[in-house]
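Single-letter residue listing:
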Amino acid sequence: MAGRPSIPTISSALIAIIADEDTVTGFLLAGVGNVDLRKKTNYLIIDNKTTVKQIEDAFKEFTTREDIAIVLISQYVANMIRFLVDSYNRPVPAILEIPSKDHPYDPAHDSVLSRVKYLFSAESVASDRR
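The notes below deal with the structure included here. Please read all numbers here as calculations on a predicted model, not as lab measurements. (Residues numbered from 1 in each chain as written. Predicted model: local features only at pLDDT ≥ 70, side-chain atom pairs only at ≥ 80, totals over all residues. Heavy atoms only, no water.)

This next bit is on the sheet that holds strand β4 (residues 94–98). Pairing is parallel across the open sheet formed by 4 strands, whose spatial order is β2-β1-β3-β4. Each having just a single partner strand, β2 (43–46) and β4 make up the two edges of the open sheet. This sheet shows a mean twist of 15 degrees between the axes of neighbouring strands, independent of strand direction. In terms of strand pairing, strand β3 (residues 68–74) meets β4 through 5 bridges, oriented parallel. Bridging across to β4, isoleucine 70 finds its partner in alanine 94. Together, β1 (14–20), β2, β3 and β4 form the strand contacts of helix α1 (residues 21–29), whose direction differs from that of β1 by roughly 155 degrees. (Pairing = 2+ DSSP bridges. Helix = DSSP H or I, 4+ residues; strand = E, 2+ residues; numbered from the N terminus. Axes fitted to C-alpha atoms, helices over the stretch in contact; angles between N-to-C directions. Contact = heavy atoms within 4.5 Å.)

Structure, rendered in structure tokens:
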């Protein structure tokens, strides 16, 4: 289809994680972690010493890396950089907000869910015009 961005195909792509220590540890134990030759990781552990600037930098780095297909970010962390998460509009890497142990999931703040609701409401308006 014309006008649609092409999705690059890579034989192996990574999942990046920005979350609290327990969440990141769980994903690392599942085999998601990666450290490249330059000692760059595909995760950022958030604690009370992590600054918003560090979170922003990690988000920007993960969303521009060619080897990352999905960025998982805890919803409470995404709320700290909501302006970046909401303004991100590329299909790959996909941004998925996940709950954490200490912060429950709130669908009202999920950027993907709000976009889906918007698309379905736009489709229903368009189908009513036919």
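Let us now look at the pairing of β2. Burial along β2 is one-sided: Leu44 and Ile46 are buried, and none of Tyr43 and Ile45, which face the opposite way, are. Of the pairings in the sheet, the one linking β1 to β2 comprises 4 bridges and is parallel in character. Across the sheet, residue isoleucine 17 finds its bridge partner in β2, namely tyrosine 43. (Buried < 20%, exposed > 50% of the residue type's maximum accessible area, 1.4 Å probe, protein only.)

Looking at where asparagine 42 falls in the secondary structure, it is placed in the loop between α1 and β2. A distance of 2.9 Å separates the side chain of asparagine 42 from the backbone oxygen of valine 32, its partner in a polar contact. (Polar contact = N/O pair within 3.5 Å; in protein donor to acceptor, adjacent residues only side chain to side chain.)

Taking 1.5 Å of rise per residue, the 13 residues of helix α2 (residues 52–64) would be expected to cover 18 Å, and the 18 Å separating its terminal C-alpha atoms lies within 8% of that figure. For α2, the set of buried residues is Ile55, Glu56, Ala58, Phe59, Phe62 and Thr63. The buried residues of α2 all sit within an arc of 165 degrees when viewed along its axis, so they share a single face. Those residues of α2 that are exposed and angled more than 90 degrees off the buried face are Lys53 and Thr64. Check the buried side of α2 and you find it contacts β1, β2, β3, α3 (75–80), α4 (82–87) and β4. (Expected span 1.5 Å × (residues − 1). Arc of directions from axis to C-beta.)

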